[in-house]
Amino acid sequence: MRLLPNVDVSPNTTGLPGLAAIEKVVGALLTFGLVAAVAGVVISAVAWAIGSSSSNPHIAGRGKTGVVVAGAAAMLIGAANTLITFFANAGAAIR
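Residue positions within a chain follow its written sequence, with the count starting from 1. Whole-chain, interface and lining totals are the exception, using all residues; otherwise, since this is a predicted model, local features are given only for residues with pLDDT of at least 70 and side-chain atom pairs are given and counted only at 80 or more. By convention in this description, side-chain values take in all heavy atoms of the structure and omit both hydrogens and water.

**Student:** Can you help me understand the environment of A49 in this one?
**Tutor:** Every helix listed is a DSSP run of H or I at least four residues long, and every strand listed is a run of E at least two residues long, numbered separately from the N terminus. As for its placement among the helices and strands, A49 is situated in helix α1 (residues 19–53). Spatially, the C-alpha atoms of A49 and A60 are 6.8 Å apart, while their sequence positions differ by 11 residues.

Structure representation (structure tokens):
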């Protein structure tokens, strides 16, 4: 029977140069994503209003779907840090 060595590697903030710059880039991407979600809500709400006022259920339905999708995207973007932290901790707890 062969025994394998115990490997215990954990994330650290000093392992790579430029990590602070990458964090700034990712933060900017989060901001860009939230701005895009707001634009998605506005565009979808306009389509929903046009579809409803012109008695076009297809466009109104697409507008409703767009509002929901943009809202869900904003929720996921806002919860990204918490979600990743949760799953990283859950994965680290597996032994």
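From this point, things continue past the structure.
**Student:** What is the right way to look at the packing of α1 against helix α2 (residues 57–78) in this model?
**Tutor:** Each pair of packed helices gets described by two things: the angle between the helix axes and the distance between those axes. For helices, the fitted line uses only the C-alpha atoms of the stretch in contact; every axis is such a line through C-alpha atoms, and the angle between N-to-C directions lies from 0 to 180 degrees. Relative orientation of the contacting elements α1 and α2 amounts to 160°, with a least axis distance of 7 Å. As far as their axial angle goes, α2 and α1 are roughly antiparallel. By crossing handedness, the relation of α1 to α2 is classed as left-handed. Contacts between α1 and α2 involve L30, G33, L34, A37, G40, V41, S44, A45, A47, W48, G51 and S52 from the former and I59, A60, G63, K64, G66, V67, A70, G71, A74 and I77 from the latter. As a working rule, the residues Ala, Val, Leu, Ile, Met, Phe, Trp, Tyr, Cys and Pro are called nonpolar, Asp, Glu, Lys and Arg charged, and the rest polar, with Gly in that last group. Each residue belonging to the contact of α1 with α2 can be placed in one class, and the counts come to 13 nonpolar, 8 polar and 1 charged. Our angle categories are set so that under 35 degrees counts as roughly parallel, over 145 as roughly antiparallel, 65 to 115 as roughly perpendicular, and the remainder as oblique. When the near helix sits turned anticlockwise from the far one by under a right angle, the crossing is termed left-handed; a clockwise turn instead gives a right-handed crossing. By definition, residues are in contact when any of their heavy atoms lie within 4.5 Å.

**Student:** What am I meant to see in the environment of A73 here?
**Tutor:** In this structure, A73 sits in helix α2. Here the term buried applies to any residue with accessible area under 20% of the maximum for its type, exposed to any over 50%, and partly exposed to those in between, with areas from a 1.4 Å probe on protein chains only. By relative accessible area, A73 is classed as partly exposed at 29%. In this structure, the C-alpha to C-alpha distance between A73 and T14, residues 59 residues apart in sequence, is 31 Å.

**Student:** What's the story with a nonpolar patch on the surface in this structure? I'm lost.
**Tutor:** Patches here are clusters of residues that have more than 30% relative accessible area and form no salt bridge, with a 9 Å joining cutoff for like charges and a 5 Å cutoff for nonpolar side chains (Val, Leu, Ile, Met, Phe, Trp, Tyr). In these tables, accessible area is a Shrake-Rupley quantity obtained with a 1.4 Å probe, and a residue counts as shielded only by the protein chains included in the view. Salt bridge, as used here: a side-chain nitrogen of Lys or Arg that lies within 4 Å of a carboxyl oxygen of Asp or Glu. Taken together, the side chains of L76, L83, I84, F86 and F87 define a hydrophobic patch exposed on the protein surface, amounting to about 550 Å² of accessible area. Here the nonpolar patch gets 4 residues from one element, more than from any other, and that element is helix α3 (residues 80–92). Positionally, L76 belongs in helix α2.

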